[in-house]
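# Reading the structure
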Amino acid sequence: MKVLVIGKGGREHALVWKLAQDERIEAIFAAPGNPGIGELATCVPVGETEIAELVAFAKEEAIDWTIVGPEAPLVEGVVNAFQAAGLNIFGPTREAAAIEGSKQFAKQLMDRAGIPTADYAVFTDENAAIAYVERQGAPIVIKADGLAAGKGVTVAETIESAREAIRHVFSGEYGEQSSVVIEECLVGEECSLMAFVHEDIVVPMVLSQDHKRAFDGDKGPNTGGMGAYSPLPQFNEERLTQEAVERILQPLVDQMAQEGIPFTGFLYAGLMLTANGPSVIEFNARFGDPETEVILPRLETPLLSVIETLMEGRVPRLSWSLQAAVGVVLAADGYPESPETGRELTLAFPKDLLVFHAGTKKADGLLKSAGGRVFVCVGLGDSPREAAEKVYANIPEQSGLFYRKDIAQKAIRTV
Ligand code: AMP
Ligand code: GLY
């Protein structure tokens, strides 16, 4: 079997790492991949949204399966294009990927399916948005409508910071913005639940928890994620997962199928565990990053067999390791606002860590930083505490990179 993975980050490195353990797979390609991925797969110089080139490559190489990492190609219709060319690909169509691509679409769909989520209002006019915030009061959440890689969200503690966030959205900072979503601020602990989905079949994965803020103690700006861990022993995971599938994931996919936009792919629900049960913060149409880097090391079932079983309309059985995984993102100074890139990376990682490249490149024979999140280091252990000790004892220092020192503390403190 030949497999192509689309993407170039830590999530895709973890996907390739997992696929590389499958004896049925004789060749893995990544487009465009990164230097870490290049140690396990053949990197092809095709960008993740160069859809016609991706289709041409998959045909030429007779790729058996293509797996998509990031949201951009999904939203741009890579699945539609592969399907039209008669190629196997696992992911949602452009229409279904709107569950992530448009917050407004997601909110309206949740309303129709009766899925618990924060109350919201949408504005295309800056002054109307500001007037609404002044009426509602703080705290309040301001979101750019569209893809902003987790960075277009401000949890405003004061009316003044809410006003400023609205001005930012309309200033075009997150790309051409025509609307802003303003949400009720939910209170509780967050967790991520991902599932393998094919139309009405939902197979949940184990839970994980991301750390969105840049600095220790959940301080600083929102980022794409500074670290994640799994499992979450502070919760009754089985009950929580069952409740989230029954109240959130299953109603969502049933509603989508009923409306003629069935979802197939990795479905990600960002949940807030409120006093009234889990409530949806966001849906993503793909694997989470850095959640993937801690989930896949726990998955014992070969990934491709899960996908194949699902695509045949059957329910795959997943086997999970009881080990805990703690993943820490090494980010470039300045991330998320203005990460410094192009710095030579000289750090040597000990064998004890799983290391996924998130934003690196080779230039003049040297390894250099090439993105906000540069590496994700994962430690495994019998508990989140052991896994965290493992990772923190082994992360090498490198100037120009920073990382949070408190990943998994919420589990360690409470259990
Ligand atoms: P998102 O990109 O929608 O996942 O938002 C990024 C982060 O902002 C989330 O992980 C939460 O920490 C926070 N957030 C988003 N929406 C809300 C909300 N309605 N209430 C409280 N926090 C939120
Ligand atoms: N870690 C959050 C995300 O992948 O969107």
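See the structure printed just above.
Here's what I pulled together on the structure shown here.

Conventions adopted
Residues numbered from 1 in each chain as written. Chains lettered and ligands numbered in written order. Predicted model: local features only at pLDDT ≥ 70, side-chain atom pairs only at ≥ 80, totals over all residues. Heavy atoms only, no water. Axes fitted to C-alpha atoms, helices over the stretch in contact; angles between N-to-C directions. Helix = DSSP H or I, 4+ residues; strand = E, 2+ residues; numbered from the N terminus. Parallel < 35°, antiparallel > 145°, perpendicular 65-115°, else oblique. Contact = heavy atoms within 4.5 Å. Nonpolar A, V, L, I, M, F, W, Y, C, P; charged D, E, K, R; others polar. Near = heavy atom within 4 Å. Polar contact = N/O pair within 3.5 Å; in protein donor to acceptor, adjacent residues only side chain to side chain. Areas by Shrake-Rupley, 256 points an atom, 1.4 Å probe, with all protein chains shown as cover. 1 Å grid on protein atoms, 1.4 Å probe; cavity = no way out; pocket = protein on both sides within 12 Å on 5 of 7 lines; lining within 4 Å. Points joined across faces, edges and corners; volume = space filled by probe spheres on them. Phe/Tyr/Trp six-rings, centres within 6.5 Å; stacked < 30°, edge-to-face > 60°. Buried < 20%, exposed > 50% of the residue type's maximum accessible area, 1.4 Å probe, protein only. Lys NZ or Arg CZ within 6 Å of the ring centre and 35° of its normal. Salt bridge = Lys/Arg side-chain N within 4 Å of Asp/Glu carboxyl O. Pairing = 2+ DSSP bridges. Core = buried A, V, L, I, M, F, W, Y, C linked by side-chain atoms within 4.5 Å.

We now examine the packing of helix α6 (residues 103-113) against helix α9 (residues 237-258). Where α6 meets α9, the axes come as close as 9 Å, and the angle between the chain directions of the two elements is 100°. As summarised for this structure, α6 and α9 are arranged roughly perpendicular, according to the angle between their axes. Contact residues: α6 offers Leu109, Arg112 and Ala113, while α9 offers Pro251, Leu252, Gln255 and Met256. Along the lines of polarity and charge, the residues of the contact of α6 with α9 split into five nonpolar, one polar and one charged.

Around ligand 2, a shell composed of Asp210, Lys212, Gly224, Tyr268, Glu282, Asn284, Arg286, Gly288, Asp289, Pro290 and Glu291 is seen. For ligand 2, a nitrogen atom lies 3.3 Å from a polar atom in the backbone of Gly224. One nitrogen or oxygen atom from the side chain of Glu291 is found 2.8 Å from a nitrogen atom belonging to ligand 2. Surface burial for ligand 2 is 92%, taken as the share of its 190 Å² of free accessible area covered by protein chains. Along the lines of polarity and charge, the residues of the shell around ligand 2 split into two nonpolar, three polar and six charged.

Vacant regions in the atomic arrangement are exposed by a probe of water-molecule size rolled over the atoms. By volume, the second largest pocket amounts to about 270 Å³. Lining the second largest pocket are 14 residues, and of these His13, Gly36, Glu39, Val355 and His357 lie nearest its centre. For the lining of the second largest pocket, the secondary structure elements donating two or more residues are α1 (10-19) and β19 (354-357). Looking at which element gives the most residues to the lining of the second largest pocket, the answer is β19, with four residues. In terms of residue class, the lining of the second largest pocket is built from nine nonpolar, three polar and two charged.

Glancing now at the packing of aromatic side chains. By convention here, two paired aromatic rings are described through the distance between centres and the angle between planes. Tallied over the full model, the rule gives 10 aromatic pairs. Seen in terms of ring centroids, Phe196 and Phe287 are 6.4 Å apart; in terms of plane orientation they differ by 90°. Their pairing is edge-to-face. Of this pair, Phe196 sits in strand β10 (residues 189-198) while Phe287 sits in the loop between β17 (277-284) and α10 (291-295), and the two are 91 residues apart along the sequence. Across the pair, exposure class does not vary: Phe196 and Phe287 are buried alike. Chaining the aromatic ring pairs together yields one cluster made of Phe90, Phe196, Phe266 and Phe287. Directly above the aromatic system of Tyr403 lies the positively charged group of Lys405, at a separation of 4.3 Å from the ring centroid.

We now examine the pattern of salt bridges. All told, the structure shown has 18 salt bridges when counted by the stated rule. The partner of Glu308 in a salt bridge is Arg24, and the shortest N-O contact between them spans 2.7 Å. Of this pair, Glu308 sits in helix α11 (residues 303-311) while Arg24 sits in the loop between α1 and β2 (27-32), and the two are 284 residues apart along the sequence. Residue Glu308 is classed as buried on the basis of its relative accessible area, which comes to 18%. You can call Arg24 partly exposed: its relative accessible area is 39%. Between Lys212 and Glu282 there is a salt bridge; the shortest N-O distance is 3.4 Å. Linking Lys212 in the loop between β12 (209-210) and β13 (213-215) with Glu282 in strand β17, this pair joins segments that are 70 residues apart in sequence. For Glu282, a relative accessible area of 18% corresponds to the buried category. A network of salt bridges, in which partner residues are shared, links Asp218, Arg404, Asp406 and Lys410.

Within a regular strand, side chains alternate between the sheet's two faces. Side chains of strand β15 (residues 227-230) alternate between two faces, with Gly227 and Tyr229 and Ala228 and Ser230 buried alike. Pairing of β12 with β15 involves two bridges; the strand directions are antiparallel. Its bridge partner being in β15, Gln209 is matched across the sheet by Tyr229. Strand direction decides the pairing type here: β15 and strand β18 (residues 324-332), joined by four bridges, are antiparallel. Paired with Gly227 across the strands is Val328, a residue of β18.

Right, let's get into the sheet that holds strand β9 (residues 180-184). What the four strands build is an open sheet, ordered β6-β9-β7-β8; its pairing is antiparallel. Single-partner strands in this sheet number two, and they are β6 (120-123) and β8 (153-156). Mean inter-strand twist for the sheet, computed between neighbouring axes without regard to direction, equals 20°. Where strand β7 (residues 140-144) meets β9, five bridges bridge the pair, whose relative direction is antiparallel. Residue pairing across strands places Ala144 opposite Val180, the latter belonging to β9. Set on the sheet, helix α8 (residues 159-170) makes contact with β6, β7, β8 and β9; between it and β7 the angle comes to about 5°.

The next thing to look at is the side chain of Ser192. Within the secondary structure, Ser192 sits in strand β10. A distance of 3.2 Å separates polar atoms of two side chains, one belonging to Ser192 and the other to Tyr268. Ser192 has contacts with Leu207, Ser208, Asp210, Tyr268, Ala269 and Glu291, leaving out every residue within four places of it along the chain.

For the rest of this paragraph, the subject is the nonpolar core. Formed by 76 residues in total, the largest nonpolar core has its most connected members in Val78, Leu249 and Phe283. Looking at this core, the element that brings in the most residues is α9, giving eight residues. Apart from the residues lying within four places of it in its own chain, the contact partners of Val78 are Ile6, Ile51, Leu54, Val68, Pro73 and Ile89. Membership of the second largest hydrophobic core comes to 45 residues, among which are Ile28, Val294, Leu303 and Val329.

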